[in-house]
Structures are given as C-alpha cells and as structure tokens.
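Residues per chain are reported as follows:
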Amino acid sequence: MPNQPGQALQKFPDEVIVALHEAGITATCMPIQIDQGDWQAAFFYVLAPDAPCLSGGQLRGGPFSVAMDADLHEHENGTMIEIGIEIVTPIEPCHGIMLFLTGHSSTHFEALNLLSNQTEIPLFVGDQYCSILSQQRVPVNEAFRLGISGLINEAVTRDAVIRMTDRYDPDAVFADTLAKRQMI
C-alpha cells in the first residue's frame, strides 16, 4: 500500500534497493514474496525527483495503465531478453527497460520463468529513495505469458550453442547493449 501522510515510509525490499543501486538503474524485475505468499516476479520503478507526475513528493493518480512489450536481442556472445514498460502517469508517461540474460544470473531466469506463469504482475513505483509511492497489480494475458515462454526457450537454446563454442560472455552482451543505448 502506498505511503499515507503521517505514516512510516514503506520501502522497496532491501535486495531490490541493493540491485538498483549496484547496477545504477531505475527499473528492475525481481522475484519476491508478498505477505508470505507464493514467489512472484514484480516490477520496481524509481521515479526521478523532477518527474512531472510528482507533486510535493507524492505521485498523483493511480492505478495507472501499464503497457508492456518484450523482445529478444541476439549478440555473438549471448542472448538478451528485453522487457519494456510504459506507466501512463499524469502529464507524461514513465518508460522503463529491463534486461535479462537467462544464463547470467539465476535471478534473471527465475524472474522470467515466473513472468511466464503469472496472471498479474505486482508493480511498485517509488521515489529516488525507493520509498513506495504507488503499487498495483498489472493483469497479464495468455499471449504475453506465451510470448515470454517462447523468448526464454529461444534464448536458452541459442545460448547453449554459444556456450559450446566458448564464446558465451554475458558481461560483453550487457556492455555492448548499454553502449548502443547511450548512443541513441
């Protein structure tokens, strides 16, 4: 539940905050447990302090319409899955991109696998200090889940072939992808 005036600030889970800060990113997807329930993949998005949708440090409106897309990027050293989100906040939508390498980290594979089975995704929007400003559940249709499953299968199969040639290097894939994004 979002923070209310006079209420203690709720924060993103510690492991999410660490992951965001260590990677220097503003959007991520990680497996979490909510209220001791089943594990599920959740999106976390950090708003810039000057985001047009903020007023006095508070997020206006909500719940928000959320659009998602996913794509596969083939690199000579590995395969990356990209999930883009657009959160339609007041005045100006917020955009985020999350990058996954299925063989780089078990967390990447686990998050994607959970996404391919969930009927909804928890979305947490926070401020620059990772205090929760808004949270909601984003419904996920069968086509999205099947699409994620297909991307996982394609990435794992392709990466298995790359590993056999000793060219698998997830750090090179990340570095090249980030360098190309900075040029845009």
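A.B. asks: Lay out the packing of helix 2 (residues 106-115) against helix 3 (residues 142-164) in plain terms, naming residues and giving numbers.
C.D. replies: Two numbers describe how helix 2 lies on helix 3: the axes approach to 8 Å, and their chain directions differ by 145°. Contact residues: F109, L112, N113 and L115 in helix 2; R145, I148, I152 and V156 in helix 3. A class-by-class count of the residues in the contact of helix 2 with helix 3 yields six nonpolar, one polar and one charged.

A.B. asks: Pulling in residues and values, what's your account of the nonpolar core?
C.D. replies: Ranked by size, the top nonpolar core spans 35 residues in total, and within it F43, L47, I81, I83 and I87 carry the most contacts. With five residues, helix 3 is the largest single contributor of residues to this core. Among all residues touching I83, those that are not within four sequence positions of it are F43, D69, A70, G96, I97, M98, F100, L112, L115 and I148. Formed by 12 residues, the second largest nonpolar core is a distinct cluster that contains I17, A42, V46 and C130.

A.B. asks: For the pairing of strand 1 (residues 27-33), give the residues involved together with the corresponding values.
C.D. replies: Strand 1 sits mainly inside the fold: six of its seven residues count as buried. In this structure, strand 1 lies alongside strand 2 (residues 39-46), joined through seven bridges in antiparallel fashion. Within strand 2, the position partnered with A27 by the bridge is Y45. Here strand 1 folds back onto strand 2 in antiparallel fashion, the turn holding five residues, of which D35 has a positive phi close to 50°.

What counts as what
Residues numbered from 1 in each chain as written. Predicted model: local features only at pLDDT ≥ 70, side-chain atom pairs only at ≥ 80, totals over all residues. Heavy atoms only, no water. Axes fitted to C-alpha atoms, helices over the stretch in contact; angles between N-to-C directions. Helix = DSSP H or I, 4+ residues; strand = E, 2+ residues; numbered from the N terminus. Contact = heavy atoms within 4.5 Å. Nonpolar A, V, L, I, M, F, W, Y, C, P; charged D, E, K, R; others polar. Core = buried A, V, L, I, M, F, W, Y, C linked by side-chain atoms within 4.5 Å. Buried < 20%, exposed > 50% of the residue type's maximum accessible area, 1.4 Å probe, protein only. Pairing = 2+ DSSP bridges.

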